[in-house]
Amino acid sequence: MLAIHLLIALLTYWPAAHPFYISLTDMVYNDTNQTIEIAQKIFWDDLEVALTNMSGNQVNFLSPDRPDVLESQIEKYILTHNTIVIKGDTLTITYLGHEIEAEAAWFYMESEKIPAPEQVTIYNNILIDDFPQQQNIVNFYKDRKPKSLITRKEKTSGVLKLD
């Protein structure tokens, strides 16, 4: 757990040329809406590489020729590389949009309505195909209690038991 807290602390200070490959995903179960709200922070230049590889065309994240095409590519990529399973059922996740913050960008999603989960299986292989050293920190909050996992090339999923 200490390692996760240190990595989170590092994520608050994105260096100009990052020597590591990491993303941060926060998932919060919202009792009122009965949905999982998701915010994912990714270095936009690394995502640019992944989108270029996926599409076969050079992607310019900050100044796209066609912003609507870029948004569609982002949505496809983000939803393909994030999956939540509860009681054997894969949740439908809706991509809501993104915002750029210095060298990174935040991507927002929301799940379909579900009862409060007792356990979740999370698949997150963001950027792993393009950067084998990529690690993805996932924090899940239910009743303000965090549970965390880290995904990487050797382990792209994990199960969190929510108390």
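Calculation criteria
Residues numbered from 1 in each chain as written. Predicted model: local features only at pLDDT ≥ 70, side-chain atom pairs only at ≥ 80, totals over all residues. Heavy atoms only, no water. Helix = DSSP H or I, 4+ residues; strand = E, 2+ residues; numbered from the N terminus. Buried < 20%, exposed > 50% of the residue type's maximum accessible area, 1.4 Å probe, protein only. Contact = heavy atoms within 4.5 Å. Pairing = 2+ DSSP bridges. Axes fitted to C-alpha atoms, helices over the stretch in contact; angles between N-to-C directions.

1. Some words on the environment of D143
Thinking step 1. Note on placement: D143 falls in the loop between strand 8 (135-142) and strand 9 (145-152).
Thinking step 2. Since its relative accessible area comes to 42%, D143 is described here as partly exposed.
Thinking step 3. Taking the C-alpha atoms as reference points, D143 and D163, separated by 20 residues in sequence, lie 8.8 Å from one another.
Thinking step 4. Leave out the neighbours within four places in its chain, and D143 touches D31 and D163.

2. Focus: the sheet that holds strand 2 (residues 35-43)
Thinking step 1. Taken in spatial order, the six strands of this open sheet run 5-6-2-1-8-9, and their pairing is mixed. At either margin of the open sheet sits one strand with a lone partner, and together these are strand 5 (93-101) and strand 9. Here the average twist between neighbouring strands, direction ignored, is 15°.
Thinking step 2. Across seven bridges, strand 1 (residues 22-30) lies against strand 8 in parallel orientation. Residue M27 lies in a different strand from strand 8, and its bridge partner there is F140.
Thinking step 3. Those strands touched by helix 3 (residues 67-80) are strand 2, strand 5 and strand 6 (104-111), and its axis lies near 120° from that of strand 5.

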